[in-house]
2 protein chains.
Amino acid sequence: MARYYIVVYDVNEERVARVHRILRAYLQWRQRSVFEGYLEGNEVKELKRKLNSVINEEEDSVLFYSLPSDRVVRSFHLGRPPDEFDNVI
Amino acid sequence: MARYYIVVYDVNEERVARVHRILRAYLQWRQRSVFEGYLEGNEVKELKRKLNSVINEEEDSVLFYSLPSDRVVRSFHLGRPPDEFDNVI
């Protein structure tokens, strides 16, 4: 059964574009370094495999939160509205 | 009633240390740019006021997620374990 994921990456600049591209194929972009969306178990596996093949285990970290549904989470932001393209080319 | 918060900031380097310090007074550090913990309604108000007094509304953004409890969320990470002090002095 699909769960709702919030994924936050902290990776070296050299690998940001690749990590961003991988996450974007599975999830919706939310803010710099943050993606969200529903994933099935097999998609989580695939995503983990792809990220692990790109990240440097000693320098990079990708944090996953999962929730039973997006209905349990509320969100808001302070400051400027998210703008996807100013941070990653 | 307290809710469980996950807060992710994306702020200009000049303001990272100040934003980090404010968040740290209310929440537990989790990964670079990510804090979590329980907040009461009045604490959320206070935290928002303090952050708004530091961030630049045109350049910075702080994203808040809130959950009824930490019991609805699971988490794991890929790559290196979080290490608080290598990113902010």
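Refer to the structure printed above.
Residues numbered from 1 in each chain as written. Chains lettered and ligands numbered in written order. Predicted model: local features only at pLDDT ≥ 70, side-chain atom pairs only at ≥ 80, totals over all residues. Heavy atoms only, no water.

1. Structural notes on the sheet that holds strand 5 (residues 74-79) of chain A
Then step 1. The strand order across the open sheet built from five strands is 5(A)-4(B)-1(B)-3(B)-2(B), with neighbouring strands paired in antiparallel fashion. Of all the strands in the sheet, the pair left with one neighbour each is strand 5 of chain A together with strand 2 (28-31) of chain B. Taking each pair of neighbouring strands and ignoring which way they run, the sheet shows an average axis angle of 25 degrees.
Then step 2. With six bridges joining them, strand 5 of chain A and strand 4 (residues 61-67) of chain B adopt antiparallel strand pairing. When the sheet's bridge partners are listed, His77 of chain A is paired in strand 4 of chain B with Leu63 of chain B.
Then step 3. Its contacts with the sheet place helix 1 (residues 13-24) of chain B against strand 1 (3-10), strand 2 and strand 3 (34-39) of chain B, and it is angled at close to 175 degrees to strand 1 of chain B. (Pairing = 2+ DSSP bridges. Helix = DSSP H or I, 4+ residues; strand = E, 2+ residues; numbered from the N terminus. Axes fitted to C-alpha atoms, helices over the stretch in contact; angles between N-to-C directions. Contact = heavy atoms within 4.5 Å.)

2. Considering the relation of the copies chain B and chain A
Then step 1. Superposing chain B onto chain A takes a rotation of 180 degrees combined with a translation of 0.0 Å along the rotation axis, leaving an RMSD of 0.0 Å. Such a combination of rotation and displacement between the chain copies is what one expects of a two-fold axis.
Then step 2. The residues that chain B uses at the interface reappear at the interface of chain A in 100% of cases, marking a shared surface. (Least-squares fit on C-alpha atoms with pLDDT ≥ 70 in both.)

3. Here's the deal with the side chain of Asp60 of chain B
Then step 1. Mapped onto the elements of the fold, Asp60 of chain B is located in the loop between helix 2 (41-54) and strand 4.
Then step 2. A relative accessible area of 0% means that Asp60 of chain B is categorised as buried.
Then step 3. Here Arg15 of chain B takes part through its side chain, which lies 2.5 Å from a polar atom of the side chain of Asp60 of chain B.
Then step 4. Those residues in contact with Asp60 of chain B that sit more than four places away from it in its chain are Leu78, Gly79 and Arg80 of chain A together with Asp10, Val11, Asn12, Arg15 and Ile55 of chain B. (Buried < 20%, exposed > 50% of the residue type's maximum accessible area, 1.4 Å probe, protein only. Polar contact = N/O pair within 3.5 Å; in protein donor to acceptor, adjacent residues only side chain to side chain.)

4. Some remarks on the sheet that holds strand 3 (residues 34-39) of chain A
Then step 1. Pairing in this open sheet of five strands is antiparallel, and the strands run 2(A)-3(A)-1(A)-4(A)-5(B) from one edge to the other. Bordering the open sheet on either side are strand 2 (28-31) of chain A together with strand 5 (74-79) of chain B, each of which pairs with just one other strand. Pairs of neighbouring strands in the sheet enclose a mean axial angle of 25 degrees, with direction left out of account.

5. Here we look at the interface of chain B and chain A
Then step 1. With 38 residues of chain B in contact, the opposing surface of chain A contributes 38 residues.
Then step 2. For the pair chain B and chain A, the two sides together bury roughly 3300 Å², of which 56% comes from carbon and sulfur.
Then step 3. It is Tyr65, Leu78 and Arg80 of chain B in chain B that bury the most area against chain A; as a group they hold 22% of the surface buried on that side.
Then step 4. Inspection of the chain B/chain A interface yields four salt bridges. (Buried area = accessible area lost by both parts, 1.4 Å probe. Salt bridge = Lys/Arg side-chain N within 4 Å of Asp/Glu carboxyl O.)

6. Considerations on the pairing of strand 1 (residues 3-10) of chain A
Residues and elements named next belong to chain A.
Then step 1. Where burial is concerned, most of strand 1 is hidden: eight out of the eight residues are buried.
Then step 2. Of the two faces of strand 1, the one carrying Arg3, Tyr5, Val7 and Tyr9 and the one carrying Tyr4, Ile6, Val8 and Asp10 are both buried.
Then step 3. Examined bridge by bridge, strand 1 and strand 3 share six bridges and lie antiparallel to one another. Of the residues in strand 3, the one forming a bridge with Ile6 is Glu36.
Then step 4. Here seven bridges tie strand 1 to strand 4 (residues 61-67), and the two strands are oriented antiparallel to one another. Bridge pairing in strand 4 places Val7 opposite Phe64.

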